[in-house]
Each structure stands twice: as C-alpha cells, then as structure tokens.
Amino acid sequence: MQTTQTDGQSSPNYSVFSLEGKLALITGGGSGIGFDIARCMVQAGGRVVITGRREQPLQEAIEKLGERAYYMVNDVTERALLNDLVERIEATYGPIDTLVNNAGINMKKPALEVTDEDFDRIVHTNLNSVFSLTRECAKRMMARQHGSIIMISSMAAYYGIDRVAAYAASKSGVEGMVKVLASEFSGNGVRVNAIAPGFIETAMSKTAMGGDPDRFARAMRRTPMGKFGQPDDIGWAAVFLASEAAKYITGASLPVDGGNSIGF
Ligand code: NDP
C-alpha cells in the first residue's frame, strides 16, 4: 500500500478516504439516498451491490453507476432469504466489506389511526430486517476480522415529529441496536455506526411533505441551514464511515441534518 505524500508538491497517491478494493452491499440502492450512497462509493473507488424489490430502477441505476456496480433483486422483509442473498453476493463478487442498511419505508398518520398492520409493516422493514441482514453479514465479517456496518437511521429517532409513531419506533430501535452491536463486534474488527439524516430531498420526503408549503416552511424553521439536504450529503458521510479514515469510530450516530440536532 502506498503512503500519503505530505510534501505538498505532488498530489497524494493514497487516501484514507479511498474505497478502492472494497465491496459494499447497499439495500434500497436503486433510488433516493441509497442510489447516492452507491454513487459516492463508486466515485471513491469502491464496488457496490445495490438491492431493491423492483428490477427496473436497479437496472437503470447500475447503467448510471458504471461497471463497478451490480444489482440483485431482493425484498429485505423476506428475512429467511437474506442468508442466501449474502451467500450469492459473496460467491459472485467477493467478500462484503461494508453493509449499508438503507432500505426503509415511512407512513404519516396520527397515532390513533395507525393499525397494528401498519405498525408491524414499518417495524418489520426498518428494524427487524435490518437486524437479520446485519447478523448474516456480521458473522462473515467477524470471521475475516474486518467490516463496517452503517445504518441509515433518522432524526425521527430523537425528536417527537408528529404522525410518525411507527417510523420513530423503528429508527429508535436501530439507534439502540447500533450501540449493542458495536460493543459486541468491536473485538472482531467490525465497526457499527448510524447516520441520522434530517430532511433530505427524495421521493420519501416529498411524499411526507405532501406538497404542503406550510409543512415545508415548518421543516425549514427547524433547520438552521434553512434548506433540504441532498442525497449525496448522506453518500459522502457513508463513504467516510466505510473508509479507513473512520477506523476508530464505532457505536456512533452521525447527524447529517443541516443543524436540526442543535435543538430548537
Ligand atoms: P426512497 O423511498 O426514496 O427509497 C427507498 C428505497 O428503499 C427504494 O429504492 C426502495 O426500492 C427500497 N425499499 C423499500 N422497501 C424495501 C424492501 N422491503 N426491500 C428492499 N428494498 C426496499 O427513500 P429515501 O431514499 O428517502 O430513504 C432511504 C433511507 O433514508 C430510509 O431508511 C429512510 O428512512 C432514511 N431517511 C430518509 C430521510 C429523508 O428525508 N428522505 C430522512 C431520514 C431518514 P423498491 O421500492 O424497489 O424496493
């Protein structure tokens, strides 16, 4: 491995932020934040496997991402199939260095209108499946003494945002799980961290705002930087956590939220 040059004369030929030689599995990578995580990781020199339930967006995504991107159709809620998914990816593309648990769903309803089915569906996708896929990847990573696991959480885990009871419960569960897994896995070279996005401009946030200018204005009042984040703001944070630059970071939750977490 070449070392960073510090003489200021020539550009560095090695960067601790490089993902060269690393393979990442990114769930829900065909659109929104997941797509930009994949895009940033490819730009940082890595290879990515993206998943999702629908084939067409995945195909279109890898056409844009280029030859270091691959896809597999997979529904993370089919938990019994996740071991097989990891096995197929590793057999085809090599060992997974980074897992990004990005796939997620939301639903805005007053708590009293949320049915048990609604609640279960959201927690099943955003929390239960995240645990199962993490376990299947972590056991292989731990055997290799190397790996980075990144959960895409949400500021909804920290603040009382109205009408997202199930979503907030699922993301709070993820935040709690990060700390326990980070502690359990750290002796075997596997780091576990979360990124907690604020308002990021994607299909999900557009649906959540419902084209309502009052809701948008309220969201911006709670955002010191006064604007939505872009999906690549999360992408670059994920590159950092996957890279050697973050080799001493585990059990952390990194807010990428334009200042929401400063408080109101
Ligand atoms: P999008 O709705 O734009 O994208 C979600 C992606 O997840 C899609 O590619 C979808 O593909 C995939 N997906 C959904 N369900 C499943 C499933 N069961 N199995 C596999 N893939 C699935 O959402 P965002 O990009 O906005 O959100 C990504 C993550 O970021 C989520 O975890 C979300 O909670 C989090 N987040 C987003 C914020 C925002 O403001 N946008 C704020 C805070 C957190 P397909 O439908 O083909 O399966």
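Since we're looking at a predicted model, the values are computed, not measured. (Residues numbered from 1 in each chain as written. Predicted model: local features only at pLDDT ≥ 70, side-chain atom pairs only at ≥ 80, totals over all residues. Heavy atoms only, no water.)

Student: Help me understand the layout of surface pockets, please; the structure alone is not making it clear to me.
Tutor: Where empty space is left becomes clear once a probe the size of a water molecule has been rolled over the atoms. Of the pockets and cavities examined, the largest pocket occupies roughly 1,100 Å³. Every element with two or more residues in the lining of the largest pocket is listed here: helix 1 (32–43), strand 2 (47–52), helix 2 (55–65), helix 4 (116–144), helix 5 (165–185) and helix 6 (203–209). Per element, the largest residue contribution to the lining of the largest pocket is 6 residues, and it comes from helix 6. Partitioned by chemical class, the residues of the lining of the largest pocket number 19 nonpolar, 22 polar and 6 charged. (1 Å grid on protein atoms, 1.4 Å probe; cavity = no way out; pocket = protein on both sides within 12 Å on 5 of 7 lines; lining within 4 Å. Points joined across faces, edges and corners; volume = space filled by probe spheres on them. Helix = DSSP H or I, 4+ residues; strand = E, 2+ residues; numbered from the N terminus. Nonpolar A, V, L, I, M, F, W, Y, C, P; charged D, E, K, R; others polar.)

Student: I would appreciate a short explanation of the pairing of strand 5 (residues 147–152) in the present structure.
Tutor: One face of the sheet, then the other: side chains in a regular strand alternate in exactly this way. Counting buried residues along strand 5, 6 of its 6 residues qualify, which places the element largely inside the surrounding structure. Going residue by residue along strand 5, you find Gly147, Ile149 and Met151 tucked away on one face and Ser148, Ile150 and Ile152 tucked away on the opposite face as well. Bridging between strand 4 (residues 98–101) and strand 5 involves 4 bridges; their strand directions are parallel. Bridge pairing in strand 5 places Asn101 opposite Met151. Taken together, strand 4, helix 4 and strand 5 constitute a β-α-β crossover, and its handedness is right-handed. Of the pairings in the sheet, the one linking strand 5 to strand 6 (residues 190–197) comprises 6 bridges and is parallel in character. The partner of Ser148 across the bridge, within strand 6, is Arg191. Remark: the strand 5/helix 5/strand 6 crossover connection has right-handed handedness. (Buried < 20%, exposed > 50% of the residue type's maximum accessible area, 1.4 Å probe, protein only. Pairing = 2+ DSSP bridges. Right-handed = clockwise from strand over helix to strand, strands pointing away.)

Student: Mind showing me how you'd approach the UniProt feature "domain: Ketoreductase" (unreviewed entry) in the protein here?
Tutor: Per the UniProt entry, the sites bearing "domain: Ketoreductase" (unreviewed entry) are residues 22–198 in this numbering. From the first C-alpha to the last, residues 22–198 spans 28 Å; its make-up is 48% helix and 19% strand. (UniProt positions renumbered as here; feature names shortened; annotations may be inferred.)

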